[in-house]
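Structure at a glance
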Amino acid sequence: MLTRKQPLLIAAQGIHWSHQRLLAVAAQLCLLIISVTLLSNVIITLGERRLQEDWATQRYSELQAVGTVIADKVAFQQFRTQMFAKSELLKRYLDLPSKEREEKLKQNWNIIRDNIPELLDMALFDPQGKFKFATSDDFGHEPIPAALLGSSSNMGGNEIYTSPLEFSPINGKLEPYMYQLAWLENPDQSIRGYLVTYNSMAQMLKSIKPAYSSSQTPLLMLDTQGLLYAGAESSPSLQRIPDTMGGSLRQSYPALWRKMATSNFGQFHGDNATFVYLKVELTTQYETRREYFLVSYVRNDDIAAKFTEWRSLLIIGASVLTILASILIFLSHLYRLEQASRMYSIELSSRLFHRDIGCIIVNDNSRVISANNRAADQLGLPKDELLDRSLQRLLHLEDDEYTEIMLHVQQHGEWKGEFDSGAETQAQLIAHIKTQHDSVKTKAYLLITFEDVSELYSAKNDAYINQMLNDSSVATALIQADGHLVRTNHAFDQQMQMQQSPTTNLTELLNPDIGSKWSQILQQIILQGSWKGQVLCTQSHMLSDCLQATLKGHLDSSGEIEYIVCTFEQAIQKESHSDRGELVPHRTTVLVNLRDLESYFKSLPSNKRESSSLILMDITAESMLSHMSDIGQLENRQKEVELKILRELPAGYQMSHWQLGKLIIILPDTDADKAHHFAIKSMSNLSDIGLSEGICMGIAAYQTGQSLEQYLSNAEVALKRAKQTGEQMICQAFTRVI
């Protein structure tokens, strides 16, 4: 008995058509259909246009042949009219007119007219151009134009005059015709009369057309003014084409007529049809030059009908191509999904047995049947020794513990717990047991993963040890750069009475001492690594002595403060920081711009200004910038220099900003020696705290009548000299002569 083969892949490993995949297939199919439709339309349009061009080329050749045949026929008609004029019967009648000869002549003309379809009539006129007789009553009632009579015309002799096309009603229908006139002359060239033959243009075209095209192909004849003389009865009729004799193409189809009027031949592709036209000359004599247009057209619907078979074949081919391409698109996506599913299965197996987590598989008898290398390393056994080993023995469990765990797995499908690996490393592992079933679902197996949490245990132990070390009598706190308290010990909470204070910010807790000076403290921590000072020294506090605060900073990789460790110890109360000037001295201020400095300089008494000196300090030397990362650190270094100088600045001296990296100090009532001594002392104080590197000073004495700008210019000269010496960082210029 054959059994159905079970699938080897789980549901997660099968083929899944995602929404993105379905949208991609739909988009590609839509793009395919649109592309095939557009391409088919383009091919059909090009095919129809090519068919139109082939028809136009063939029809143009036919029009050339028709035009040549018409011109030949007109020339032959002229020759025939000349022969009629020289006939013996006509000469006899003119020599001796009589009723009998007239009837005989008419009888002869009737025979000729009956045998020539395009010959409508023959008529005889007297020398004055008046009608005498004709074979019928349709023509000849009008006299001959005066321009053709006797001496009024330049033609005569054997020449034949051919008239333009005209219309005449014959049997209730307008008939386009042209007449040819022959001069009947005496030997002395006097006029004996005129012979006129009337020829039908419609009959002429009718006799020519079947030899060159089918009867359904229209052939129009128009004059140079756009009037229709032949072809009005063409079937089927076309819109905007005159359907009556004498209709004007110029008025009914201006676009076509403009094209025809500018050239002698060509093609015109209209909305409903394609036209071919050709201008032909019926006669070439000077006075009888006659030009007409031969026009033919084919309907676009007729072209489309002729292209129907090819269109059907093309549509069928495009449909088959679309179906095949759609199947190809579907199969390509299916192939990709199968490849992705296969790769997912491989990656799943790879993640199971080649990842950094130990995995083993246990059968229904609790024996290990497979394990990866990571599991062997974690359990401290060779991989071969793991196989066929009992799970209870691997987990180092007692019988009751193992029974309880297996019962929990059967009820909930999984169990998770910690155990000691028992190896030399004494690694702590977390075992995650999951129950799985094989494809037949008659046997179950266990999938067990191990996670090494030894580092977590070590971290917990270190945290416990740190907690015991931190539990000391020294008040300690860990804060952030904004003063926020991250962690404190018990001594800090008791010292600062945290239970009674709702704040969690050190700057608010110690606001009278460091709250307003926090930015300067942060700058000193960034530059020097730490800050020390006394806090809580007022008598309003419960403590009788001050606290010695030590703030040590820990910087991140970008040089910014990440954390600050604060310790507070008992210290003897000293004078306040404001009195000692350790933070922000209050004896003077730093003027922020040159305008304020100029106001201060002008406000000095004249005796102090006359005996004053000016120091221009530059802290932007290359040796200093070489170890500074950006302008922000330069600004911090400048603030530190300002802070140190202000602490030692005597009363009455004034400091001002000039440029980034340059400071101005005005020393009223100070001669050059005292100014130089002050500069040396300031440089020494900066050197004590490591801030003198790269600093140069230029000293200038005030000259009578100088402005502050000239005063600064003299100090700049001294500053440039100080930079050029390389060793002596303090130089003087323009010292007063006493």
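The text that follows walks through the structure, step by step, so that each part is easy to find. (Residues numbered from 1 in each chain as written. Predicted model: local features only at pLDDT ≥ 70, side-chain atom pairs only at ≥ 80, totals over all residues. Heavy atoms only, no water.)

Concerning the overall build of the chain
Defined as follows: For the purposes of this entry, the term helix denotes a DSSP run of H or I that reaches at least four residues, the term strand denotes a run of E that reaches at least two, and both are numbered from the N terminus. Here's how the labels work: a residue is buried when its accessible area is under 20% of the maximum for its type, exposed when over 50%, partly exposed in between, all with a 1.4 Å probe on protein chains only. Pairs of residues are marked as contacts when any of their non-hydrogen atoms sit within 4.5 Å. Here the accessible surface of atoms and residues is derived via Shrake-Rupley with a 1.4 Å probe, and residues count as covered only by protein chains that are part of the display.
Assigned secondary structure in the chain consists of 24 helices and 27 strands. The burial tally for the chain puts 42% of its 738 residues in the buried class. Contacts in the chain between residues far apart in sequence, at least 24 positions, make up 55% of those at least 6 positions apart. Accessible surface, the chain: about 41,700 Å² in total, of which carbon and sulfur atoms supply 52%.

A word on the sheet that holds strand β20 (residues 546-555)
What counts here: DSSP calls a pair of strands paired once it identifies at least 2 bridges connecting them. Under this scheme, a helix contributes an axis fitted over its contacting stretch, all axes are lines through C-alpha atoms, and angles between N-to-C directions fall in the 0 to 180 degree range.
Across the sheet, which stays open at both edges, the five strands sit in the order β18-β17-β21-β20-β19 with antiparallel pairing between neighbours. Only two strands of the sheet have a single partner each, and these edge strands are β18 (485-488) and β19 (530-535). Averaged over all pairs of adjacent strands, the angle between their axes in this sheet comes to 20°, without regard to strand direction. Of the strand pairs in this sheet, strand β17 (residues 475-479) and β18 are connected by three bridges, and their pairing is antiparallel. When the bridges of β18 are listed, Leu478 appears paired with Arg487.

Remarks on a nonpolar patch on the surface
Basically, it comes down to this: Only residues whose relative accessible area exceeds 30% and that form no salt bridge enter a patch; like-charged residues are grouped when within 9 Å of one another, and nonpolar side chains (Val, Leu, Ile, Met, Phe, Trp, Tyr) when within 5 Å. Here, a salt bridge means any side-chain nitrogen of Lys or Arg that lies within 4 Å of a carboxyl oxygen of Asp or Glu.
There is a patch of nonpolar side chains on the surface, built from Ile15, Trp17, Leu22, Ile316, Val320, Ile323, Leu324, Ile327, Phe330 and Leu331 and spanning about 910 Å² of accessible area. Among the secondary structure elements, Ile316 is positioned in helix α8 (residues 308-353). What makes Ile316 exposed here is its relative accessible area of 53%.

Here's the deal with the environment of Ile680
Mapped onto the elements of the fold, Ile680 is located in helix α23 (residues 672-688). Since its relative accessible area comes to 43%, Ile680 is described here as partly exposed. Spatially, the C-alpha atoms of Ile680 and Met729 are 9.5 Å apart, while their sequence positions differ by 49 residues.

Concerning the packing of helix α1 (residues 19-85) against helix α4 (residues 201-208)
Short version of the rule: Here the angle decides the label: under 35 degrees means roughly parallel, over 145 means roughly antiparallel, 65 to 115 means roughly perpendicular, and every other value means oblique. The sense of a crossing depends on the near helix, which, turned anticlockwise from the far helix by less than a right angle, makes the crossing left-handed and, turned clockwise, makes it right-handed. Residue polarity follows a fixed list, in which Ala, Val, Leu, Ile, Met, Phe, Trp, Tyr, Cys and Pro are nonpolar, Asp, Glu, Lys and Arg are charged, and the others, Gly among them, are polar.
One way to put it is that α1 packs onto α4 with a least axis distance of 11 Å and a crossing angle of 130°. By the angle class used here, α1 and α4 are oblique. Seen along the crossing, α1 lies across α4 with a hand that is right-handed. On α4, the residues that touch Val66, Val69, Ile70, Lys73 and Gln77 of α1 are Met204, Leu205, Ser207 and Ile208. Class assignment for the residues of the contact of α1 with α4 results in six nonpolar, two polar and one charged.

What to know about the pairing of strand β6 (residues 191-200)
The buried fraction of β6 is high, at eight of ten residues. Here strand β1 (residues 119-125) pairs with β6 via six bridges, running antiparallel. Along β6, the bridge assignment pairs Leu124 with Leu195. Here strand β5 (residues 173-185) hands over to β6 after five residues, with Gln189 in that stretch at a positive phi of 65°.

What to know about the pairing of strand β7 (residues 220-223)
Because side chains alternate across β7, one face comprises the buried residues Leu220 and Leu222, and the other comprises Met221 and Asp223, equally buried. Here β7 runs beside strand β11 (residues 290-299); their pairing, made up of four bridges, is antiparallel. The residue bridging Leu220 from the neighbouring strand is Val295, located in β11. Pairing analysis gives two bridges linking β7 to strand β8 (residues 228-230), with the strands arranged antiparallel. Bridge pairing in β8 links Leu222 to Leu228. Counting the residues in the hairpin turn of β7 and β8 gives four residues, including Gly226, whose phi is positive at 90°.

Considering unusual backbone geometry
Most peptide bonds adopt trans geometry, and most residues besides glycine take a negative phi value. Positive phi, normally seen in glycine, also occurs at Ser366, with a value near 65°. The topology assignment puts Ser366 in the loop between β12 (358-362) and β13 (368-371). Look at Ser366 and you get buried, because its relative accessible area is 17%.

Concerning the side chain of Glu175
For clarity, the cut-off: Neither His nor the chain ends is counted toward charge; the positive residues are Lys and Arg and the negative residues Asp and Glu. Any pair of N or O atoms that falls within 3.5 Å is considered a polar contact. Within protein, one atom must be able to donate a hydrogen and the other to accept it, and sequence-neighbouring residues count only if both atoms are side-chain atoms.
Summarising the element assignment, Glu175 is placed in strand β5. At 5.6 Å, Lys173 is the nearest oppositely charged side chain to Glu175, a buried residue that forms no salt bridge. Within the structure, the side chain of Glu175 is placed 2.4 Å from the side chain of Ser200, a separation counted as a polar contact. Residue contacts for Glu175: discarding those within four places in its chain leaves Leu120, Glu166, Phe167, Ser168, Ile170, Ser200, Ala202 and Gln203.

Description of the nonpolar core
Convention followed: Buried Ala, Val, Leu, Ile, Met, Phe, Trp, Tyr and Cys residues form a nonpolar core when they are joined through side-chain atoms within 4.5 Å.
Grouped together as the largest cluster of nonpolar side chains are 25 residues, with contacts concentrated most on Ile360, Leu391, Ile433, Ile448 and Phe450. Residues contacting Ile448, with those up to four places away along its chain left out, are Gly358, Cys359, Ile360, Val362, Leu391, Ala431, His432 and Ile433.

Structural notes on the sheet that holds strand β9 (residues 265-269)
Strand order across the open sheet formed by five strands is β8-β7-β11-β10-β9, with antiparallel pairing between neighbours. Every interior strand has two partners, whereas the edge strands, β8 and β9, have only one. Strand-to-strand twist of the sheet, defined as the mean angle between neighbouring strand axes without regard to direction, takes the value 30°. Strand contacts of α1: β9, β10 (273-283) and β11, with the helix running at about 20° to β10, the strand carrying the most contacts.

So, the packing of aromatic side chains
Definition in use: Each aromatic pair joins two rings of Phe, Tyr and Trp (for Trp, the six-membered one) with centres within 6.5 Å, and gets the label stacked for planes under 30 degrees apart, edge-to-face for over 60, and tilted for any other angle. Two thresholds decide whether a charge sits over a ring: the Lys NZ or Arg CZ must be within 6 Å of the ring centre and within 35 degrees of the ring normal.
This structure, assessed with the given rule, holds 24 aromatic pairs. Taking the centre distance of 5.4 Å and the plane angle of 90° together, the rings of Tyr93 and Phe133 count as edge-to-face. Of this pair, Tyr93 sits in helix α2 (residues 88-95) while Phe133 is found in strand β2 (residues 131-134), placing the two residues 40 residues apart along the sequence. Of the two residues, Tyr93 and Phe133, both sit in the buried class. Within the aromatic cluster, the residues linked to one another by ring pairs are Phe139, Tyr161, Tyr177, Tyr179 and Tyr198. The positively charged end of Arg240 is found above the aromatic ring belonging to Tyr253, 4.1 Å away from the centroid. Over the ring of Phe601 we find Arg609, and its NZ or CZ is 5.9 Å from the ring centre.

Observations concerning the environment of Lys86
Its location among the elements puts Lys86 in the loop between α1 and α2. For Lys86, a relative accessible area of 41% gives the class partly exposed. Separated by 98 residues in the primary sequence, Lys86 and Leu184 place their C-alpha atoms 8.4 Å from one another. Residues within four places of Lys86 in sequence aside, it is in contact with Lys91 and Asn158.

Points about helix α17 (residues 518-528)
The complete set of buried residues in α17 reads Trp518, Ile521, Leu522, Gln523, Gln524 and Ile525. A positive phi of about 95° marks Gly529, the residue just after α17.

A few points about a negative patch on the surface
Note the following rule: A charge is said to be at NZ when it belongs to Lys, at CZ for Arg, at CG for Asp and at CD for Glu.
A surface patch of like charges, here negative, comprises Glu398, Asp399, Asp400, Glu401 and Glu404. Positionally, Glu401 belongs in helix α12 (residues 399-412). The class for Glu401 is partly exposed, based on a relative accessible area of 38%.

Just distances and angles here, no functional claims.
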